[in-house]
Amino acid sequence: QVQLVQSGAEVKKPGASVKVSCKASGYTFTDSYMHWVRQAPGQGPEWMGWISPISGATNYAPNFQGRVTMTRDTSITTAYLEVNRLTSDDTAVYYCAREIRPGSCQADDWGQGTLVTVSS
Amino acid sequence: QSVLTQPPSVSGAPGQSVIISCTGSSSNLGAGHDVKWYQQLPGTAPKLLFYGNINRPSGVPDRFSGSKSGTSASLAITGLQAADEADYYCQSYDNRLAIWVFGGGTKLTVL
């Protein structure tokens, strides 16, 4: 079965960076886009962007352009999200999510989430 | 402030039905982009519940149904069960913002 397993919780200071990983299994990693979505406490989800595992092409939401980097390592079927210059507003659960059919604009499968806490 | 607007909460007794609304605009639902619905049980990741306005992934009971008209969409849940208590989110694509957009979520309480 499809599994997206994310790295563990992180605590960071303001101004620092964080890198979250998402290990995919149960399907062909390069067949589906990988999205990143975050959810601040008590808020709805917020879409951050996607990466195409086969090409490495990315598309970032304007709110995150310049501060976020999405990468992947196809040899270990893992996607990564790096967020720089963290502030307290970045405290959230970060999810990776698979879009089976690129262009369908839906998150078919989700990782379990990674809590990132930004605090001085 | 979310691009898609949902009521903060709805409630119903076991066995009853509820409808959760999702209101967008001419740049998302009104532009012809379909709506997806996600169910988020407490402490878990969202799960795709509905897509393409009217389609359910396998394993989702037919007690859940969806519809869309113009700039609005709705999710109907019939035969409410305690296990349905969750947060429900609508999602679509916005042409003007060029991003996926989500609603703020609706908390369903089964009385």
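Owing to the predicted nature of the structure, the values given are computational and were not obtained by experimental measurement.

Undergrad: Looking at this structure, I do not really get the overall build of chain B. What am I missing?
TA: Within chain B, the secondary structure is distributed over 0 helices and 9 strands. Against the 2.2 N^0.38 benchmark of 13 Å for 111 residues, chain B shows a C-alpha radius of gyration of 13 Å, consistent with a compact globule. For the C-alpha atoms alone, the extent of chain B along its principal axes is close to 40 × 25 × 25 Å. Across chain B, every contact between residues at least 6 apart in sequence was considered, and the portion connecting residues at least 24 apart equals 58%. Summing over all exposed atoms, chain B offers an accessible surface of approximately 4900 Å²; the carbon and sulfur share of this is 50%. Charge-centre separation for chain B: the mean point of 7 positive side chains lies 4 Å from the mean point of 6 negative side chains.

Undergrad: Which parts of the structure should I look at to understand the overall build of chain A?
TA: The helix and strand inventory of chain A stands at 0 helices and 11 strands. When its helices and strands are written in sequence order, chain A yields β-β-β-β-β-β-β-β-β-β-β. For 120 residues, the compact-globule formula gives about 14 Å, and the C-alpha radius of gyration of chain A, at 13 Å, lands near that figure. Seen along its three principal axes, the alpha-carbon backbone of chain A occupies a region of about 40 × 30 × 25 Å.

Undergrad: Explain the nonpolar core to me, please; I cannot follow it from the model alone.
TA: Soluble globular proteins tend to bury their nonpolar side chains together. Met34(A), Trp36(A), Met48(A), Trp37(B) and Tyr88(B) are the most contacted members of the largest nonpolar core, which has 61 residues in total. With 5 residues, the top contributor of residues to this core is strand S9 (residues 92–99) of chain A.

Undergrad: Just to check I follow, could you spell out the state of the cysteines for this structure?
TA: A covalent bond between the sulfur atoms of two cysteines is what we call a disulfide. One pass over the structure, following the stated rule, counts 2 disulfides over all chains. Here Cys22(A) pairs with Cys96(A) through a disulfide, and the sulfurs are 2.1 Å apart. Residues Cys22(A) and Cys96(A) are joined by a disulfide whose S-S torsion is about 75°; by sign, that bridge is right-handed. With Cys22(A) in strand S3 (residues 18–25) and Cys96(A) in strand S9, the pair connects residues that are 74 residues apart, well separated along the chain. Between the sulfur atoms of Cys22(B) and its disulfide partner Cys90(B) the distance amounts to 2.1 Å.

Undergrad: Which parts of the structure should I look at to understand the sheet that holds strand S8 (residues 78–83) of chain A?
TA: The strands that make up a sheet pair up through hydrogen bonds in the backbone, lying either parallel or antiparallel. Residues and elements named next belong to chain A. The 4 strands lie next to each other as S1-S3-S8-S7, forming an open sheet whose pairing is antiparallel. In this open sheet, the two edge strands, each paired with only one partner strand, are strand S1 (3–6) and strand S7 (68–73). Averaged over all neighbouring strand pairs, the angle between strand axes comes to 20°, with direction disregarded. Here S1 runs beside S3; their pairing, made up of 4 bridges, is antiparallel. From the neighbouring strand, Gln 6 faces S3, where its bridge partner is Cys 22.

Undergrad: Is there a simple way to explain the interface of chain A and chain B in this structure?
TA: Think of interface size as the accessible area that goes away when the parts come together; that is how it is often given. At the interface, 19 residues of chain A touch 18 residues of chain B. Summing the contributions of chain A and of chain B, the shared interface buries around 1500 Å²; its carbon and sulfur component is 66%. Applying the counting criterion to the chain A and chain B interface returns 0 salt bridges. At the junction of chain A and chain B, the tally comes to 6 residue pairs in polar contact (both at pLDDT 80 or more). Breaking the side of chain A that touches chain B down by element, the ones donating at least two residues are strand S4 (33–39), strand S5 (45–51) and S9 of chain A. Classifying every residue of the side of chain A that touches chain B gives 9 nonpolar, 7 polar and 3 charged.

Undergrad: Can you walk me through the sheet that holds strand S6 (residues 72–77) of chain B in this structure?
TA: Residue and element names in this part refer to chain B. Pairing within the open sheet is antiparallel, and its 3 strands lie in the order S2-S6-S5. Each edge of the open sheet carries a strand with a single partner, namely strand S2 (18–23) and strand S5 (64–69). Between one strand axis and the next, the sheet turns by 15° as a mean value, whatever way the strands run. Sheet topology places S2 next to S6; 6 bridges connect them, and they run antiparallel. Paired with Val 18 across the bridge in S6 is Ile 77.

Parameters at a glance
Residues numbered from 1 in each chain as written. Chains lettered and ligands numbered in written order. Predicted model: local features only at pLDDT ≥ 70, side-chain atom pairs only at ≥ 80, totals over all residues. Heavy atoms only, no water. Helix = DSSP H or I, 4+ residues; strand = E, 2+ residues; numbered from the N terminus. Rg over C-alpha atoms; globule rule 2.2 N^0.38 Å. Contact = heavy atoms within 4.5 Å. Areas by Shrake-Rupley, 256 points an atom, 1.4 Å probe, with all protein chains shown as cover. Lys, Arg positive; Asp, Glu negative; His and termini not counted. Charge placed at Lys NZ, Arg CZ, Asp CG, Glu CD. Core = buried A, V, L, I, M, F, W, Y, C linked by side-chain atoms within 4.5 Å. Buried < 20%, exposed > 50% of the residue type's maximum accessible area, 1.4 Å probe, protein only. Disulfide = S-S within 2.5 Å. Pairing = 2+ DSSP bridges. Axes fitted to C-alpha atoms, helices over the stretch in contact; angles between N-to-C directions. Buried area = accessible area lost by both parts, 1.4 Å probe. Salt bridge = Lys/Arg side-chain N within 4 Å of Asp/Glu carboxyl O. Polar contact = N/O pair within 3.5 Å; in protein donor to acceptor, adjacent residues only side chain to side chain. Nonpolar A, V, L, I, M, F, W, Y, C, P; charged D, E, K, R; others polar.

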